[in-house]
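# Reading the structure
Here's the letter readout for the chains.
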Amino acid sequence: MKFLQNFDIEVIKYPEGTHELEFDVNDRFFREFGENDLVQNGNLTIRVSMHKGANLIEMDFHIKGSVRLTCDRSLEEFDSPLESEETMIFKYGSEEKEIDEDVFMITRDTPKVNVAQLIYEFILLALPAKKIHPDHRNELDDEEDELDGLYVYIDSEKESEESDDEDVNVDPRWEKLKNLNKKK
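Predicted, not measured: the structure shown is a model, and the values here were computed from it. Residue numbers here run from 1 along each chain, matching the order of that chain's written sequence. For a predicted model such as this one, the threshold for reporting local features is a pLDDT of at least 70, and the threshold for listing and counting side-chain atom pairs is 80 or more; totals across whole chains, interfaces and linings nevertheless cover every residue. Heavy atoms throughout the structure, all of them, feed into the side-chain values; hydrogens and water do not.

Let us look at the sheet that holds strand S6 (residues 97–100). In spatial order, the strands read S2-S3-S4-S5-S7-S6; together these 6 strands make up an open sheet with mixed pairing. Here the strands that pair on one side only, and so sit at the sheet edges, are strand S2 (17–25) and S6. Here the strands of the sheet are splayed against their neighbours by 25° on average, with no regard to which way each runs. Strands are treated as partners if at least two bridges between them are detected by DSSP. Strands are runs of DSSP state E lasting at least 2 residues, helices are runs of H or I lasting at least 4, and numbering of each runs from the N terminus. Axis lines are fitted through C-alpha atoms, for helices just across the contact stretch, and the angle between N-to-C directions can take any value from 0 to 180 degrees.

Okay, here's the thing in structure tokens:
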């Protein structure tokens, strides 16, 4: 847990204005969050542009690098490029709490904000839903391939039976409208 202190931003020491910060994320970062099935290895750079104002702090996170993923098809590991931009707002208030998924409330005397958990969540959110090894990306999915080249045939006997049934169950008002059209 001491490693994650490297992701502390001492917001109290920064004057109002824009400040640029940079963090490096490597395999050790992912190990600090315990075992997960999605990402265990990666090499990313996180640039944080912090805009400190009188009533709030806005942090723009730009994440760029690569993570090691396991292919959903072949179970081979591969390095996948990852790039993401996220924004987090820290408002000053009476207590520290999460207001929204993008807004936190902090007190004016909060000395530092640890962004490690935020960075971890942003990385997980940026992962592709389907993790396909680059060697297998050009292959078609079995589901997509099933309908190619198939034709749909309509049985004319069944269709005529259905149309006869529809005529029997026609609302009399519609029948009168059809007769009006025939008179013209």
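Its place among the elements puts Phe33 in the loop between helix H1 (27–32) and strand S3 (41–52). Discounting residues that sit within four places of it in the chain, Phe33 has contacts with Leu4, Ala116, Gln117 and Tyr120. Every residue pair with non-hydrogen atoms within 4.5 Å of one another is taken to be in contact.

This part is about the pairing of S6. Relative to strand S7 (residues 103–106), S6 runs antiparallel, the two being bridged by 3 bridges. Among the inter-strand pairings, Glu98 is bridged to a residue of S7, identified as Phe104. Here S6 folds back onto S7, and the loop between the two strands holds 2 residues.

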